[in-house]
Amino acid sequence: MEALDFLYEAVKNSIEAKADSICVSLDQAEGRLHVTVVDDGQLSVTSDPFAPGYSTKGKGRGRGLSLLKSFDEGASLARENGKTILSFCLDADGPLEAEETLPLLFSLCWENGVKLGITLGNRFFSTEKFALEFGALNEGSAIARMKREITSKDNRS
Amino acid sequence: MAKLSLEELRALRKKESQRIEKRDIHGRDIHVVVGMGTCGIQAGAKVTLNSIVDEIEAKGLKNVIVTQAGCQGKCDQEPVVEVYTPQLGAVAYGKVDAKLAKQIVDEHIIAGKVLSDHKISLEV
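Bear in mind that the values here come from a model prediction, so they are computed numbers and not experimental data. (Residues numbered from 1 in each chain as written. Chains lettered and ligands numbered in written order. Predicted model: local features only at pLDDT ≥ 70, side-chain atom pairs only at ≥ 80, totals over all residues.)

**Topic: the interface of chain B and chain A**
Line of reasoning, step 1. Across the boundary between the two partners, chain B contributes 21 residues, which contact 20 residues of chain A.
Line of reasoning, step 2. Among the elements of the structure, α1 (6-23), α2 (38-43), α3 (45-58) and β2 (64-69) of chain B are those that each provide at least two residues to the side of chain B that touches chain A.
Line of reasoning, step 3. Broken down by element, the residue count for the side of chain B that touches chain A peaks at eight residues, all from α3 of chain B.
Line of reasoning, step 4. Each residue belonging to the side of chain B that touches chain A can be placed in one class, and the counts come to 10 nonpolar, five polar and six charged. (Contact = placed C-beta atoms within 7 Å. Helix = DSSP H or I, 4+ residues; strand = E, 2+ residues; numbered from the N terminus. Nonpolar A, V, L, I, M, F, W, Y, C, P; charged D, E, K, R; others polar.)

**Some thoughts on unusual backbone geometry**
Line of reasoning, step 1. Geometrically, the link from Glu78 of chain B to Pro79 of chain B is a cis peptide bond, its omega value of -5° lying close to zero.
Line of reasoning, step 2. Here Pro79 of chain B shows up in the loop between β2 and β3 (81-85).
Line of reasoning, step 3. Not every positive phi belongs to a glycine, and Asn81 of chain A is a case in point at roughly 50°.
Line of reasoning, step 4. Relative to the elements of secondary structure, Asn81 of chain A occurs in the loop between β3 (76-80) and β4 (83-91).

**Some remarks on the sheet that holds strand β5 (residues 119-120) of chain B**
Residue and element names in this part refer to chain B.
Line of reasoning, step 1. Taken together, the five strands give an open sheet; going across it, the order is β2-β1-β3-β4-β5, and neighbouring strands pair in mixed fashion. At either end of the open sheet lies a strand with only one pairing partner, and these are β2 and β5.
Line of reasoning, step 2. Two strands pair when backbone bridges link them, and strand β1 (residues 30-35) and β3 are joined in this way by four bridges, in the antiparallel orientation. The partner of Val34 across the bridge, within β3, is Val81. (Pairing = 2+ DSSP bridges.)

**Quick notes on the packing of α3 of chain B against helix α4 (residues 98-110) of chain B**
Helix-helix packing is characterised by the crossing angle of the two axes and by the distance between the axes.
Residues and elements named next belong to chain B.
Line of reasoning, step 1. Viewed as axis vectors pointing N to C, α3 and α4 meet at an angle of 35°, and their least axial separation amounts to 8 Å. The hand of the α3/α4 crossing is right-handed. Along its contact with α3, which presents Val47, Thr48, Ser51, Ile52, Glu55 and Ile56, the element α4 presents Ala98, Ala101, Lys102, Val105 and Asp106.
Line of reasoning, step 2. Looking at the contact of α3 with α4, its residues break down into six nonpolar, two polar and three charged. (Axes fitted to C-alpha atoms, helices over the stretch in contact; angles between N-to-C directions. Left-handed = near helix turned anticlockwise from the far one by under 90°.)

**Quick notes on the sheet that holds strand β1 (residues 21-29) of chain A**
All names here are of chain A.
Line of reasoning, step 1. Here six strands make up an open sheet; going across it, the order is β3-β4-β2-β1-β5-β6 and the pairing mixed. Because the sheet does not close on itself, it has two edges, and the strands there are β3 and β6 (123-126). Recorded for the sheet is a direction-independent mean angle of 15° between the axes of neighbouring strands.
Line of reasoning, step 2. Here β3 pairs with β4 via five bridges, running antiparallel. When the sheet's bridge partners are listed, Ala78 is paired in β4 with Ile85.
Line of reasoning, step 3. In the packing of helix α3 (residues 102-111) onto the sheet, the strands contacted are β1, β5 (115-120) and β6, and the crossing angle to β5 comes to about 160°.

**Considerations on the pairing of strand β2 (residues 32-39) of chain A**
Residue and element names in this part refer to chain A.
Line of reasoning, step 1. Going residue by residue along β2, you find Leu33, Val35, Val37 and Asp39 tucked away on one face and Arg32, His34, Thr36 and Val38 left uncovered on the opposite face.
Line of reasoning, step 2. Examined bridge by bridge, β1 and β2 share eight bridges and lie antiparallel to one another. Counted as the bridge partner of Val24 is Val37 from β2.
Line of reasoning, step 3. The hairpin turn running from β1 into β2, its antiparallel successor, is two residues long, and Glu30 in that turn takes a positive phi close to 50°.
Line of reasoning, step 4. Across eight bridges, the pairing between β2 and β4 is antiparallel. (Buried ≥ 20, exposed ≤ 12 C-beta atoms within 10 Å, placed from the backbone.)

Following this line, the structure appears as structure tokens:
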């Protein structure tokens, strides 16, 4: 799995945890991508959440975090001031191709009524900003337009 | 408050009706659902979904809702794409790569023809 695939899974988890808002920070440096996902959803962990098969969501779950740990031994999950903070750092050589993943996350969050803000280097994108510009973010043409917007900003930096 | 002129009222009505049209997702005719569970992502569903939206944009299609769903129990058929249209009802396709995704937009959504060779049943 690529680094941004783990981000996609992490945001899905935040939505499942009934978050109202999710803040993501992405920082690529020296061939590594540092990812932090902060949400205001619920978290009730009773043992090591990174243990294979550990899940509070039932049978067949509990693969994501253990898989993440196998890629990044330093991955961490913490709870502070009512927020859940997941951070990890993965190899990310070459272009990030954020435009292939981030619009899908904005669309998914918008459809679920969750606010999502993503800081990508020195740029910031959010569901609210995109919705003002493009309307319904689960429309195919809106997803394509978000892709263009993120690509064009990528090229400017 | 200053009174609005008839022209200003018309402009306001036009702007608001456009805004309402954008928000009214229930009136959309065509709905595409892409399986984006962990199994789908590992099979390349992200590339599939991007290919679908690129083709929707390239063909200037409006009112097509693209939803991301979880695993539907057909992991061996991922990436799975379901298409709902008023003419053809619900049709599911399996092992949809970027090329087939474009074909689905062009032939199923635009031309109204089911791609029988790639059709699957979602009954588990």
